[in-house]
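What follows is the residue order along each chain.
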Amino acid sequence: MEWLWQSLGRGRQTLSAMEQGKPLARMELNLYKKDTYTISGISFDGQVSEQQREAVMLGACEWFRQQQIHLLLGCRWVQNWFAEHPQEANLRAIGSELQKARAIAKGGIVGF
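All values reported here derive from a predicted model rather than from experimental measurement.

The rules behind each value
- Residues numbered from 1 in each chain as written.
- Predicted model: local features only at pLDDT ≥ 70, side-chain atom pairs only at ≥ 80, totals over all residues.
- Heavy atoms only, no water.
- Helix = DSSP H or I, 4+ residues; strand = E, 2+ residues; numbered from the N terminus.
- Polar contact = N/O pair within 3.5 Å; in protein donor to acceptor, adjacent residues only side chain to side chain.
- Contact = heavy atoms within 4.5 Å.
- Pairing = 2+ DSSP bridges.
- Right-handed = clockwise from strand over helix to strand, strands pointing away.

**So, the side chain of Gln13**
And step 1. Mapped onto the elements, Gln13 comes out in strand 2 (residues 12–19).
And step 2. For Gln13, the side chain forms a polar contact with the side chain of Trp5, separated by 3.4 Å.
And step 3. Discounting residues that sit within four places of it in the chain, Gln13 has contacts with Trp5, Gln6, Ser7, Leu8, Met27, Glu28, Leu29 and Tyr37.

**Side note on the pairing of strand 4 (residues 36–44)**
And step 1. Here strand 3 (residues 22–33) pairs with strand 4 via 8 bridges, running antiparallel. Counterpart to Leu29 in the pairing with strand 4 is Ile39.
And step 2. Counting the residues between successive antiparallel strands, the hairpin from strand 3 to strand 4 contains 2 residues, one of them, Asp35, with a positive phi of roughly 65 degrees.
And step 3. This β-α-β element, strand 4 to helix 1 (residues 50–66) to strand 5 (residues 70–73), shows right-handed connectivity.

Laid out in structure tokens, this is it:
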């Protein structure tokens, strides 16, 4: 899966999921504060299966984690997805907290 991050100006962004050049989904995001965005909407191509939706959401979680972008869930569908998939939400949170701890430790030992 390929990811396309586009700036629409004034703190508005889109993240599109593409597969073999074909769009699968598009997330609309609004900048809340530095490195934190609110997901204001998500749309899927009409031909996207439930399995592909799951793959898109899991892939988006990983992409946001790699980019060190934090999310606020303003879209009801996304809120419901994270509620049904608490492991992914918790892994995102743990990864974020671990990065903060590493920055504070400056090469020292970090543990949970």
